[in-house]
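As a plain string of letters, each chain reads:
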Amino acid sequence: GFGGTMAALVSMWLSKFDQHIDTYPIASPGWECVFRDILKDDIDLNKFNRKKIHSYVHVLDPLGSAMDRFIGNICYYGRLNLSSGPVHDYCHKIIGHTGPELFGDDPGSTLDAAVKDCSYFTHSPCFAAELFASEIVLHWDGTTDGG
């Protein structure tokens, strides 16, 4: 979640003191544009060692990949078992819609409810932890079923 985003921010900020820390945000929204503005007086993100941040994002997370870009390595998870279960039940309702349709100004609509329900699972570090318990989803070397 957003805590992972803050961990990435601190990791980038610490790099200016030659402290390069591996950081693993899980189910976080993207941050590149926001951090570029926040850190513009402290560090040059173009020179930041991007290999130190390893973001884990669910393949159907409408917030994880849609809000901004990530800095570093991105590992998508949750590709397997999309044909059944809560992710399928909620997320299939939002596939094929545009960003303005998904995040538009129609609160309480069926589509708005589907986005919230889909995000509840795909944007949740707790649900990620449940999936990561499977060696099929999270491999021993840190790679994932989604690449």
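Structure's up top.
It should be emphasised that the depicted structure is a prediction, and the values quoted were computed from it without experimental measurement.

*Asks:* Would you take a moment to explain the packing of aromatic side chains for this structure?
*Replies:* One pair of aromatic rings is described through two measures. These are the centre distance and the angle between the planes. Summed over the entire model, instances satisfying the criterion amount to six aromatic pairs. Residues Y77 and F132 carry aromatic rings whose centres are separated by 4.9 Å and whose planes lie at 70 degrees to one another, so their mutual orientation is edge-to-face. With a gap of 55 residues between them, Y77 in strand β2 (residues 73-77) and F132 in helix α6 (residues 125-132) connect regions that are remote in the sequence. Under the relative-accessibility criterion, Y77 is labelled buried at 0%. Both rings, one in Y120 and one in F121, keep their centres 5.1 Å apart while their planes meet at 90 degrees; by these two values the pair is edge-to-face. Site record: aromatic cluster; members linked through ring pairs are Y90, Y120, F121 and F127.

*Asks:* I keep staring at α6 and nothing clicks. Help me out?
*Replies:* Count 3.6 residues to each turn of an α-helix, and residues three or four apart come out pointing the same way. For α6, every residue scored as buried is listed here: F127, A128, L131 and F132. The buried side chains of α6 occupy one side of the element, clustering within an arc of 140 degrees when seen end-on. Turned more than 90 degrees off the buried face of α6, the exposed positions are C126 and E130. Residues of α6 that are buried in the fold lie against β1 (54-58), β2, α3 (86-91) and α5 (110-122). Residue S124 occupies the N-cap position of α6, its side-chain oxygen lying 3.2 Å from the main-chain nitrogen of C126.

*Asks:* So what exactly am I meant to see when it comes to the nonpolar core here?
*Replies:* One recurring pattern in soluble globular proteins is that nonpolar side chains are buried together. Core analysis: the largest hydrophobic core is formed by 18 residues, its most contacted members being Y77, I94 and F132. Those elements that provide at least two residues to this core are β2, α3, α5 and α6. Here the element with the most residues in this core is α5; it accounts for five residues. In this view, I94 contacts P62, L102, L111, A114, V115 and C118; residues no more than four positions away in its chain are not counted.

*Asks:* Any chance you could explain the environment of A113 here in plain terms?
*Replies:* Along the chain, the position of A113 falls in helix α5. Owing to a relative accessible area of 34%, A113 belongs among the partly exposed residues under this scheme. For the pair A113 and L102, spaced eleven residues apart in the sequence, the C-alpha separation amounts to 9.7 Å.

*Asks:* Which parts of the structure should I look at to understand the side chain of H58?
*Replies:* Relative to the helices and strands, H58 resides in strand β1. Classification of H58 as buried rests on a relative accessible area of 1%. Here L60 takes part through its backbone nitrogen, which lies 3.0 Å from a polar atom of the side chain of H58. Those residues in contact with H58 that lie beyond four places of it in its chain are Y76, Y77, G78, L82, V87, T122 and L131.

Quick notes on the rules
Residues numbered from 1 in each chain as written. Predicted model: local features only at pLDDT ≥ 70, side-chain atom pairs only at ≥ 80, totals over all residues. Heavy atoms only, no water. Phe/Tyr/Trp six-rings, centres within 6.5 Å; stacked < 30°, edge-to-face > 60°. Helix = DSSP H or I, 4+ residues; strand = E, 2+ residues; numbered from the N terminus. Buried < 20%, exposed > 50% of the residue type's maximum accessible area, 1.4 Å probe, protein only. Arc of directions from axis to C-beta. Contact = heavy atoms within 4.5 Å. Polar contact = N/O pair within 3.5 Å; in protein donor to acceptor, adjacent residues only side chain to side chain. Core = buried A, V, L, I, M, F, W, Y, C linked by side-chain atoms within 4.5 Å.

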